[in-house]
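# Geometric and topological summary
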Amino acid sequence: MQLQTVPSFFCGVNPKPLFTAPPRTHQYRISSSSASPIRSLLSAEKEADSMAAKWAQKTVVIPPHRRGCHLVTSKILREIEQDLSGFKCGLAHLFLQHTSASLTINENYDSDVQDDTETFLNKIVPEGRSAPWKHTLEGPDDMPAHIKSSMFGCTLTIPITDGQLNMGTWQGIWLCEHRDHATPRKIVITLNGI
Amino acid sequence: MQLQTVPSFFCGVNPKPLFTAPPRTHQYRISSSSASPIRSLLSAEKEADSMAAKWAQKTVVIPPHRRGCHLVTSKILREIEQDLSGFKCGLAHLFLQHTSASLTINENYDSDVQDDTETFLNKIVPEGRSAPWKHTLEGPDDMPAHIKSSMFGCTLTIPITDGQLNMGTWQGIWLCEHRDHATPRKIVITLNGI
Amino acid sequence: MQLQTVPSFFCGVNPKPLFTAPPRTHQYRISSSSASPIRSLLSAEKEADSMAAKWAQKTVVIPPHRRGCHLVTSKILREIEQDLSGFKCGLAHLFLQHTSASLTINENYDSDVQDDTETFLNKIVPEGRSAPWKHTLEGPDDMPAHIKSSMFGCTLTIPITDGQLNMGTWQGIWLCEHRDHATPRKIVITLNGI
């Protein structure tokens, strides 16, 4: 089965510090010949007079959210967008520092999808008297919260392209709060790229 | 409990542009002494005359696949292998730009594993009249597809070693299509390393 | 909703080799003004006289563990901590090279959480005579192991801050063994940062 390819770019790194000039990249359509991508990569490097790989990292505290799934894309972007704009190509890494909440990427439009996902999680993870859990000291919602946290995970990595998170049209970042008692949640955000 | 360690390598970066010479790395067996790894790292940097970190990014369109789990390792490799060959050490990041399909790593040999995984997903995520979903405008398979997408996730990061994806013998990249109506799926692939 | 931000830092890269001097970073409180983060980033780069991005990669073999979830943070750290200390800012990537075990981040204190998570996995993934699996040649626990591996995943990315894994107070790295017959498990660990 043949794959179609959409426009892409390759980026190199050179020693000049970032602040000498705005980044420049070499745009091209990838070809199927084995030589061309590397050749393009090299020419991109020759032409990139200001590409120095850089790192950015910060810890963001998201205010308490009620139990359920919440779209937090705009909250995250508000914290990183001016820094994102400095990256032509890279990766954004989000790490939730908790074991009773989770991060996932899903529908950014109809909030019913968030409600139905919460319904699903509560349906497959038993809670209360019927639950077989040994770990109950922190309340009936605690052990289910730990399980849900591992099901969806606490970490996301999203590509950065031309200064923006390169997500699909319908994708958004969700913070899923699995505890009944809402608390602030910390996310360590790391940006890396050129 | 003592860990065994297999051969590994450490790589540094220096200012010389990538195209002056092919990359060189300093191979060694890691020891348990605290000094040695760092010392080896430094010597690797001293010896690496052509290690410039580089970035590559492209968007690949995978043609429509029927509902179910599909092994797409070769399709992905066909798109990136010539670029992979330029990386001695790094990471390959795959990001599926959709909320009703998913990416996961699993068995690359017996296709029954793909069928059984689809059977499992359909078993635990209710669909149709019996399902409690509010989000039904896009069809009975849509809300289950969103849930399955968050269960497996839309992003993968795979180590690059000596110009290849460093997966286990039996590991392959799966694209899981959760909708009944197959559509093309976009994956943003980002390579980063030296 | 306004976000609170805790102290963070931004890191640049310059051409000087790592071993000329210890890394320096520019610490500051992020402000909500659009200019300040970038300005801080640039000044951080101007001041960083020894930030060269570096890569480290090794493969660790974890000795056999019985079926269940196991806290392996200290085992992982023992293998990478001296190298971690050389990174001021970065990412640590763990990649389990198997399809019948998984890596996840969860509670590091009460081992009941590990036992309850194993109970949950066994509850939702049918095993034995009642199971609908076609893939049974490798034993009744094999197909369930593949499913559990994709549910939790085989890869983790954790931020590195000031030479340490920047996890939350209660977070730990779990290796989940889904087979009855314990075998050694390989994890490819990749460190990248400055």
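Model, not experiment: these values are computed from the prediction.

## Points about the overall build of chain A
Each helix and strand in chain A was counted, giving 4 helices and 11 strands. A burial count over chain A gives 65% of its 194 residues as buried. Surface accessibility of chain A: about 7000 Å² in total, with carbon and sulfur atoms responsible for 52%.

## Considering the environment of Val60(A)
Examined against the element boundaries, Val60(A) turns out to sit in strand 4 (residues 54–62). Taking C-alpha positions, Val60(A) is 9.6 Å from Lys75(A), a pair spaced 15 residues apart along the chain.

## Quick notes on the packing of helix 4 (residues 142–152) of chain A against helix 3 (residues 112–124) of chain C
Axis separation between helix 4 of chain A and helix 3 of chain C bottoms out at 10 Å; the angle between their running directions is 65 degrees. Put simply, helix 4 of chain A runs roughly perpendicular to helix 3 of chain C. Classified by chirality, the crossing of helix 3 of chain C by helix 4 of chain A is right-handed. On helix 3 of chain C, the residues that touch Met143(A), His146(A), Ile147(A) and Met151(A) of helix 4 of chain A are Val113(C), Asp116(C), Thr117(C) and Phe120(C). Looking at side-chain class alone, the contact of helix 4 of chain A with helix 3 of chain C contains 5 nonpolar, 2 polar and 1 charged residues.

## A short note on the sheet that holds strand 10 (residues 171–177) of chain B
Strand pairing in a sheet takes place through backbone hydrogen bonds and is either antiparallel or parallel in direction. All names here are of chain B. An order of 5-10-7 is seen for the 3 strands of this open sheet, with the pairing classed as antiparallel. Each edge of the open sheet carries a strand with a single partner, namely strand 5 (68–71) and strand 7 (101–107). Put simply, the sheet's adjacent strands are angled 35 degrees from each other on average, direction ignored. The pairing of strand 5 with strand 10 spans 4 bridges and is antiparallel. When the bridges of strand 10 are listed, His 70 appears paired with Leu 175.

## Notes on the pairing of strand 8 (residues 155–161) of chain B
Residues and elements named next belong to chain B. Burial within strand 8 is extensive, with 6 of its 7 residues counted as buried. For strand 6 (residues 89–96) and strand 8, the ladder comprises 7 bridges, and the chain directions are antiparallel. Counted as the bridge partner of Leu 91 is Pro 159 from strand 8.

## Considering the sheet that holds strand 5 (residues 68–71) of chain C
All names here are of chain C. With antiparallel pairing, the 3 strands of this open sheet are ordered in space as 5-10-7. Each edge of the open sheet carries a strand with a single partner, namely strand 5 and strand 7 (101–107). Direction aside, neighbouring strands of the sheet carry axes that sit 35 degrees apart on average. Where strand 7 lies against strand 10 (residues 171–177), 7 bridges are found, and the strand directions are antiparallel. Within strand 10, the position partnered with Ser 102 by the bridge is Cys 176. Those strands touched by helix 3 are strand 5, strand 7 and strand 10, and its axis lies near 150 degrees from that of strand 5. Most of the contacts of helix 4 (residues 142–152) go to strand 7, to which it runs at about 45 degrees, and overall it touches strand 7 and strand 10.

## Details of the pattern of salt bridges
Residue and element names in this part refer to chain C. According to the stated counting rule, one finds 30 salt bridges over all chains in the structure shown. With its nearest N and O atoms 2.8 Å apart, the salt bridge here joins Asp 162 to Lys 88. Placement of the pair is Asp 162 in the loop between strand 8 (155–161) and strand 9 (164–165) and Lys 88 in the loop between helix 2 (73–84) and strand 6 (89–96), with a sequence separation of 74 residues. Residue Asp 162 is classed as partly exposed on the basis of its relative accessible area of 40%.

## Some points on empty space enclosed by the protein
Applying the stated criterion across every chain, the model contains 5 cavities of 30 Å³ or more. Taken as a whole, the largest cavity spans an internal volume of roughly 500 Å³. Every residue lining the largest cavity is counted, 35 residues in all, and those nearest its centre are Phe152(A), Thr155(A), Thr155(B), Phe152(C) and Thr155(C).

## So, the side chain of Gln114(C)
Position of Gln114(C) among the secondary structure elements: in helix 3. Accessibility expressed as a relative area gives 10% for Gln114(C), which makes it buried.

## Comments concerning the pairing of strand 10 of chain C
For strand 10 of chain C, a buried count of 7 out of 7 residues is recorded, marking the element as mostly surrounded by other parts of the structure. Along strand 10 of chain C, one buried face is formed by Gln171(C), Ile173(C), Leu175(C) and Glu177(C) and the opposite face, lined by Gly172(C), Trp174(C) and Cys176(C), is buried too.

## Some points on the layout of surface pockets
Taken as a whole, the largest pocket spans an internal volume of roughly 450 Å³. If you go around the largest pocket, you meet 21 residues; those closest to its centre are His98(A), Thr99(A), Ser100(A), Arg185(A) and Trp170(C). Mapped onto the lining of the largest pocket, the elements with two or more residues apiece are helix 4 and strand 11 (185–193) of chain A. Tallied by class, residues from the lining of the largest pocket come to 5 nonpolar, 10 polar and 6 charged. In this model, the second largest pocket occupies a volume close to 370 Å³.

## Notes on helix 2 of chain C
Between the first and last C-alpha of helix 2 of chain C there are merely 14 Å, a value that for 12 residues lags more than 12% behind the 16 Å anticipated at 1.5 Å per step. Within the sequence span of helix 2 of chain C, burial applies to Thr73(C), Lys75(C), Ile76(C), Glu79(C), Ile80(C), Gln82(C), Asp83(C) and Leu84(C).

## A closer look at the confidence of the model for chain A
Residues and elements named next belong to chain A. Chain-level statistics for chain A give a pLDDT mean of 80 and a share of 74% at 70 or above. Here residues 1–10 scores under 50 on pLDDT; set against residues more than four positions off or in separate chains, the count is 48 contacts. Note on residues 12–50: pLDDT is under 50 here. Beyond four places in sequence and across chains, it has 91 contacts. Confidence estimates for the predicted assembly give a pTM of 0.81 and an ipTM of 0.80.

Definitions and cut-offs
Residues numbered from 1 in each chain as written. Chains lettered and ligands numbered in written order. Predicted model: local features only at pLDDT ≥ 70, side-chain atom pairs only at ≥ 80, totals over all residues. Heavy atoms only, no water. Helix = DSSP H or I, 4+ residues; strand = E, 2+ residues; numbered from the N terminus. Buried < 20%, exposed > 50% of the residue type's maximum accessible area, 1.4 Å probe, protein only. Areas by Shrake-Rupley, 256 points an atom, 1.4 Å probe, with all protein chains shown as cover. Axes fitted to C-alpha atoms, helices over the stretch in contact; angles between N-to-C directions. Parallel < 35°, antiparallel > 145°, perpendicular 65-115°, else oblique. Left-handed = near helix turned anticlockwise from the far one by under 90°. Contact = heavy atoms within 4.5 Å. Nonpolar A, V, L, I, M, F, W, Y, C, P; charged D, E, K, R; others polar. Pairing = 2+ DSSP bridges. Salt bridge = Lys/Arg side-chain N within 4 Å of Asp/Glu carboxyl O. 1 Å grid on protein atoms, 1.4 Å probe; cavity = no way out; pocket = protein on both sides within 12 Å on 5 of 7 lines; lining within 4 Å. Points joined across faces, edges and corners; volume = space filled by probe spheres on them. Expected span 1.5 Å × (residues − 1). pLDDT = per-residue confidence, 0-100.

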